[in-house]
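Next come the chains, spelled out residue by residue.
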Amino acid sequence: MSQDRGACGRNQRQMFWSLLACLLFLASPCKGFFPNFWSKVLTLSWDSYTHQHITEQAILAVTLEVLRDIAKQDGVQGEKEIRLGRGFWRAMRDVVNSNANMDFLSSTKSDPIYHFDSERVDGSIAKLREFWTKIVVSTRAKEYESARGSLGQLFHSLQDFYSHSNWVEMGKRSIYLHLLQPEEPAVSVAKEDTPTCKDCFTATCRHNLLPSLSNTEMNSNLLTTGYTSSYPLKPKGKCSHGGILDRSRHQSPRGGINKDSNSPIFSPHHYLHVEAAALAANATLMALRDLKDTVGPKAFLKLFSVRQAPALVFVMDTTGSMFEEITAARLRAHSIIQSRANSARQPGSFLLVPFHDPEFGPVYEDEDPDQFMEHMETLVALGGGDEPEMCLSAIQLALTHSPPLSEIFVFTDASPKDAYLFDAVKALALEKRSKITFLLTEDQTQKRSRRRKRSSKKPLSPDRFSLYSSLSVLSGGMAVFTTNSDIHKVSAIVEDNTAVDKVTLFHLKSDPEFMSVHSFRVDSSVKNVILHITGTMTECILTSPSDQSQAMLRERGRLAELEHFQGLYRIKLLPPVQAGQWNLQAQSDDHLTFSVIGDSSVDFLYYFATVTNETHPGLARVDGHPVAGSPAFLVLAVTGQASPREPSFHVTLLGAEGESLQQVKLNRSSSSSAHGLEELVGFVEHVPTVPFSVRLTGLDDRGNKLERVSTEKIQPTRIQIAMTLTPHLVAGHPTVVDFDIFNHGPARLLNLTADDDCGYLLMRGPQSLFVEEQGSFRGQVALLTPAKAQAGATVTLTLTVHALDSLESNYAVTFLTVVSLDADRSPPSCSAVLVQSDCPADCTKSSWRMSLVVADDVHSGLAALQMHKGDGVLTIFHNPPPTEESFGETLPDFEHHRLHKNKTTSKGHHWHHHHYRASLKTGDPLLNVSGWAPGSSHPLWVTYTSSCCSAQAELLVWDKAGNMKRCILTSGQQRVLSDTATESSGSGRATLTGVILLLVGLLWSPLI
């Protein structure tokens, strides 16, 4: 009975916090599609489309399109059920959270530029194109985390346009191309003194837009967006954003025009919500497809970590005593590469970061395993002498260059000389959820002579590796103390942990005990179960679910096989592995670290979130550690589930010794499960005040109990730090980054430290700050980007804050992208010169032809072309023919032209090599034309010839800045379109432009 009363009390408290959160929103302004699934709960608008839903569905759809296209090109039959991997869901969550943060960050939530509010349309469009530039340059520079952050920001603003403007009310049923394509026609924005709305006195506002902004019969073409209660003030006669959270709705003209939800309480134009959401979804899809075509399918899949094998990351001490360790790393890398050779997954990335004293780096990063092995072969153990080395600097480089969820392996026998980087390295590891495992060799019999110079100076501290041990515990890795003679065998831990679909069933560091007892659970989806135990045991007994036992140190048996090396026990369960609870008894006089791993597609991701109570209802992800003792929500995604059974999961928060601190019941979010993803949310009444990890418990597809654990240690704190905006960097210019510190404890002194991986910071700290009880502090850090910095480079900025009166600390990490000050954001152009089309009823008996001029006038210059769709042949010329007539006559058939391109035509014109350059068909690789002309504005002349049975084609054109133009070629029209939507400019203008370019080319050609 007491248990029932306790459960009832917990449910009441959960309901209290949810209701309180709803009430908090009623006093605050709101704008945009609501950010995430929890917004629908808080606003009771269950059928509304959120930023999260629109973004997730678009990313999933385009990713599947890319995978199917690749499978089709490779002649592989498509999979019935495509599993995208844990890395994909983590990458997609990065984009979704970046999108939602636009409504939560203090620097963006009220700025109309980021939301298409207050008629700041031109500024919002400029911001959209800035985001696009950052996405492209970051992706091409392989800075995928930075690109995902910018992509989420772009999606938010792009989607808000359709919810906040009168585009839908104007009768538009296609997306506004001009937002991301400057060459497309623009729609005028209502001037500041132009009235746009009239009063509306009901929750649902119909016909409150003035006729000149909504009546399609009058062929209206004036854009407006709603004003909110924040800056700038609403001018006379202008529309409000509207809804119960917008105080400007009371100012005449009353009401509003937002379509954020389907609830009249929050959205006066709720009846158009579905139409606005559909256009926002189409715009998001098109942006993703353009991105895929701009950077290429391979880079697109890497951006979202689709089916990527785990990164193999080595941090190697290269001093003279490390010969055996370097050899062991080489052999282990070779073995891993061989095992991945026949895998259907992408091979993943390979990173090597060497270090000694005083040097560290450079980073050798490669996707080609053969190239990586060449780097490994060049490692030579030389030099050394002074015991400390620059190890943490090398680990920092490895963390900034490796993808999230990586396993990083450090080979060294020396303590860190750069201990001041501990906080920055810890923050990066926790932010990326990357594990750091140290393989430490201390073979005194063999290394004494090599380290004689070191030991002659001063005795080595027995605690000199304590920072390594702390990092391994915090990140969820291990610290293995071994010897030169065993390092090769011990390095098997590298291969075990970098296998595909590796999950953790149990992870714990225990204190010395007479006999400790631990349990872990194996479900039917888990294969290849391996136990790693570091330390020295005097007894170890393994017991199966059927109660069979094996004394691992004294006998062989049918349960498992044991390999024992100095510092590491490796126990592998023998197949068939029984599903159920296994027990392990261990006795030791020292600390032991246990890790149980297996192969399974079922795993989980999680983050802590808090309810926002300012500008937008939703759950905002907590940056850094959660606040100790405060309520929070735990948002969790289960990946790899085969069937959409009703979820019955719960989470246990585990203390340092594996004890249960708190159980959290999980409920399915309103996001639908798809492709093996199940999103769940639970309420944490009070975040524990001690370090903890997360264990997920539920049922597998066969109804067996399932358990997974996170290995990193969450360290609750009463200090928070957050960066309010992620600006871009400009070469040769300073940049300021604002941050906020919140103190949820007593008044005290705090120390702030800043660090970046490129050395751009002007001051690193530590800086002492005094913050009042329950107070806050706003500050800035400044960076100076060198003039020679390359566009697309990313700087990882880490801020850490410490309390001077306790061990409490917290961190914030952001990624800053270098962009060009005068970046080219205008795509190339393609203009129709001539269309020859006389297609009969029987399409097999004739063909059609289109001639075009492709140019990038006064910009960075043409870079590449590719046929994306169509069954015909595109022929590319460097210069135009002498006359348009001969231009057509020389192109009847590609194969004929290729054989006779140097012969004289019937008109007597000799076709020189500098005219005909190449031909393209759909499926051909991208054609690089960047070196064809000395001048950036020199155009190309192309002709497309196709059977009448294939009436449309698509040509992609890139400039050197990465901007892409999508040219639609159609047999029945005298022009080229950039999209299937009708362009407002007439065909005559496109043809005239083409003729002018043709004449310019004729004048240009004698100069080439």
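Residues numbered from 1 in each chain as written. Predicted model: local features only at pLDDT ≥ 70, side-chain atom pairs only at ≥ 80, totals over all residues. Heavy atoms only, no water.

Q: An account of the overall build of the protein is needed here, citing residue identities and associated values.
A: Looking only at helices and strands, one finds 21 helices and 43 strands in the protein. For the protein, with 1008 residues in total, the buried portion stands at 57%. Contacts in the protein between residues at least 24 apart in sequence constitute 74% of all its contacts with a sequence separation of at least 6. As presented, the protein carries roughly 40,900 Å² of accessible surface, and 52% of it is formed by carbon and sulfur atoms. (Helix = DSSP H or I, 4+ residues; strand = E, 2+ residues; numbered from the N terminus. Buried < 20%, exposed > 50% of the residue type's maximum accessible area, 1.4 Å probe, protein only. Contact = heavy atoms within 4.5 Å. Areas by Shrake-Rupley, 256 points an atom, 1.4 Å probe, with all protein chains shown as cover.)

Q: Tell me about a negative patch on the surface, and name the residues and values.
A: Residues Asp 511, Glu 513, Glu 657 and Glu 659 make up a contiguous surface patch of negative charge. Following the sequence through the fold, Asp 511 ends up in the loop between β9 (502-510) and β10 (513-522). (Patch = residues over 30% accessible without salt bridge, like charges linked within 9 Å, V, L, I, M, F, W, Y side chains within 5 Å. Salt bridge = Lys/Arg side-chain N within 4 Å of Asp/Glu carboxyl O. Lys, Arg positive; Asp, Glu negative; His and termini not counted. Charge placed at Lys NZ, Arg CZ, Asp CG, Glu CD.)

Q: Could you give an account of the state of the cysteines, naming the residues involved and the relevant values?
A: Considering all chains together, one arrives at five disulfides under this definition. Bridging Cys 197 to Cys 239, the disulfide has an S-S length of 1.9 Å. Residues Cys 197 and Cys 239 are joined through a disulfide that is right-handed, its torsion about the S-S bond being 95 degrees. With Cys 197 in the loop between β1 (188-189) and α7 (211-214) and Cys 239 in the loop between β2 (222-223) and α8 (273-295), this residue pair connects regions lying 42 residues apart in the sequence. As far as the burial class goes, Cys 197 and Cys 239 line up, both buried. Between the sulfur of Cys 830 and that of Cys 967 lies a disulfide, 1.9 Å long from S to S. Residues Cys 830 and Cys 967 share a disulfide whose torsion about the S-S bond is about -110 degrees; that sign makes it left-handed. One end of the pair, Cys 830, is in strand β34 (residues 829-837); the other, Cys 967, is in strand β42 (residues 964-970), with 137 residues separating them in the sequence. We note that Cys 830, like Cys 967, is buried. In the protein, the bonded cysteines, taken in the order they occur along the sequence, pair up as 1-4, 2-3, 5-10, 6-8, 7-9. (Disulfide = S-S within 2.5 Å.)

Q: Give me the sheet that holds strand β8 (residues 479-482): which residues, what numbers.
A: On the basis of which strands lie adjacent, the open sheet formed by six strands has the order β5-β4-β3-β6-β7-β8 and mixed pairing. At either margin of the open sheet sits one strand with a lone partner, and together these are β5 (364-366) and β8. Strand-to-strand twist of the sheet, defined as the mean angle between neighbouring strand axes without regard to direction, takes the value 15 degrees. Of the strand pairs in this sheet, strand β6 (residues 407-412) and strand β7 (residues 435-441) are connected by six bridges, and their pairing is parallel. If you follow Phe 409 over to β7, its bridge partner there is Thr 437. Across the sheet, helix α11 (residues 369-378) lies against β3 (312-317), β4 (350-355) and β5, angled at about 15 degrees from β4, the strand it touches most. (Pairing = 2+ DSSP bridges. Axes fitted to C-alpha atoms, helices over the stretch in contact; angles between N-to-C directions.)

Q: Give a description of a nonpolar patch on the surface that names residues and reports values.
A: A grouping of Leu 749, Phe 770 and Leu 804 is seen on the molecular surface, where their side chains present a nonpolar patch of about 300 Å² in accessible area. Structurally, the position occupied by Leu 804 is in the loop between β32 (794-803) and β33 (809-819).

Q: How would you explain the environment of Thr 504 if you had to name every residue and give the values?
A: Tracing the backbone through its elements, the reader meets Thr 504 in strand β9. For Thr 504, a relative accessible area of 7% gives the class buried. On a C-alpha basis, the gap between Thr 504 and Asp 599 in space is 8.9 Å, while along the polypeptide they are 95 residues apart. Those residues in contact with Thr 504, other than ones at most four positions away along the chain, are Lys 435, Val 596, Ile 597, Arg 708, Val 709 and Thr 711. A polar atom in the side chain of Thr 504 sits 3.3 Å from the side chain of Lys 435. (Polar contact = N/O pair within 3.5 Å; in protein donor to acceptor, adjacent residues only side chain to side chain.)

Q: Could you give me a rundown of the nonpolar core, with the residues and numbers involved?
A: Among the nonpolar cores identified, the biggest contains 64 residues, and Tyr 162 and Phe 304 are the most heavily contacted of them. When contributions to this core are tallied by element, the ones reaching two or more residues are α3 (51-73), α4 (86-101), α5 (121-140), α6 (144-164), α8 and α9 (297-303). The residues contacting Tyr 162, other than those within four sequence positions of it, are Trp 167, Val 168, Ile 175, Tyr 176, Leu 179, Lys 259, Ala 276, Leu 279, Ala 280 and Ala 283. By size, the runner-up hydrophobic cluster in this structure holds 32 residues, among which are Ala 394, Val 410, Ala 429 and Leu 471. (Core = buried A, V, L, I, M, F, W, Y, C linked by side-chain atoms within 4.5 Å.)

Q: Please set out the packing of helix α12 (residues 391-401) against helix α13 (residues 422-432) residue by residue, giving values where relevant.
A: For any two helices packed against each other, one specifies the crossing angle of their axes together with the interaxial distance. Two numbers describe how α12 lies on α13: the axes approach to 10 Å, and their chain directions differ by 25 degrees. In terms of orientation, α12 lies roughly parallel with respect to α13. In this structure, the crossing between α12 and α13 has a hand that is left-handed. On the side of α12, the interface is formed by Leu 392, Ile 395, Gln 396, Leu 399 and Thr 400, while α13 contributes Phe 422, Ala 424, Val 425, Leu 428, Ala 429 and Lys 432. Taken together, the residues that form the contact of α12 with α13 break down as eight nonpolar, two polar and one charged. (Parallel < 35°, antiparallel > 145°, perpendicular 65-115°, else oblique. Left-handed = near helix turned anticlockwise from the far one by under 90°. Nonpolar A, V, L, I, M, F, W, Y, C, P; charged D, E, K, R; others polar.)

Q: Summarise the packing of α5 against α8; cite the residues concerned and give the values.
A: At a minimum axis distance of 11 Å, the contact between α5 and α8 shows a crossing angle of 40 degrees. In terms of their interaxial angle, α5 and α8 are classed as oblique. With respect to the hand of their crossing, α5 and α8 are arranged in right-handed fashion. Contacts between α5 and α8 involve Trp 132, Ile 135, Val 136, Thr 139 and Arg 140 on the former and, on the latter, Ala 287, Asp 290, Leu 291, Thr 294 and Val 295.

Q: With reference to specific residues and values, describe the sheet that holds strand β31 (residues 776-784).
A: In space, the three strands of this open sheet follow the order β26-β28-β31, with antiparallel pairing throughout. Strand pairing shows two members of the sheet lacking a second neighbour, β26 (719-723) and β31, which therefore form its edges. Each strand of the sheet is rotated relative to its neighbour by a mean of 25 degrees, with strand direction disregarded. In this structure, β26 lies alongside strand β28 (residues 734-743), joined through five bridges in antiparallel fashion. Paired with Met 723 across the strands is Phe 739, a residue of β28.

Q: Could you give an account of α5, naming the residues involved and the relevant values?
A: With 20 residues, α5 extends 29 Å from end C-alpha to end C-alpha; this agrees with the ideal 28 Å at 1.5 Å per step. Burial analysis of α5 places 16 of its 20 residues in the buried class, the great majority of the element. Directly beyond the C-terminal end of α5, a positive phi value near 65 degrees is found at Lys 142. (Expected span 1.5 Å × (residues − 1).)

Q: Run through the packing of aromatic side chains, naming residues and quoting values.
A: Taken as a whole, this structure holds 21 aromatic pairs when the rule is applied. With a centroid separation of 4.6 Å and an interplanar angle of 20 degrees, the aromatic rings of Phe 438 and Tyr 468 are classed as stacked. Linking Phe 438 in strand β7 with Tyr 468 in helix α16 (residues 466-475), this pair joins segments that are 30 residues apart in sequence. Its relative accessible area of 0% is what places Tyr 468 among the buried residues. Pairing Phe 465 with Phe 481 gives two aromatic rings, centres 5.9 Å apart and planes at 50 degrees, and the pair type is tilted. In this pair, Phe 465 sits in the loop between α15 (452-455) and α16 while Phe 481 sits in strand β8, placing the two residues 16 residues apart along the sequence. For Phe 465, a relative accessible area of 5% puts it in the buried group. Through a chain of ring-to-ring contacts, three or more aromatic side chains come together here, namely Phe 116, Phe 161, Tyr 162, Trp 167 and Tyr 176. Sitting over the ring of Trp 167, Lys 172 keeps its end group 5.3 Å from the ring centre. A cation over a ring is seen here: Arg 433 above Tyr 606, with NZ or CZ 4.3 Å from the ring centre. (Phe/Tyr/Trp six-rings, centres within 6.5 Å; stacked < 30°, edge-to-face > 60°. Lys NZ or Arg CZ within 6 Å of the ring centre and 35° of its normal.)

Q: Go over unusual backbone geometry, please, and point to the residues and values.
A: Following Ser 252, the chain continues into Pro 253 via a peptide bond in cis, with omega recorded as -5 degrees. The topology assignment puts Pro 253 in the loop between β2 and α8. Of the consecutive residues Gly 361 and Pro 362, the connecting peptide bond is found in the cis state with omega at 0 degrees. Structurally, Pro 362 can be placed in the loop between β4 and β5.

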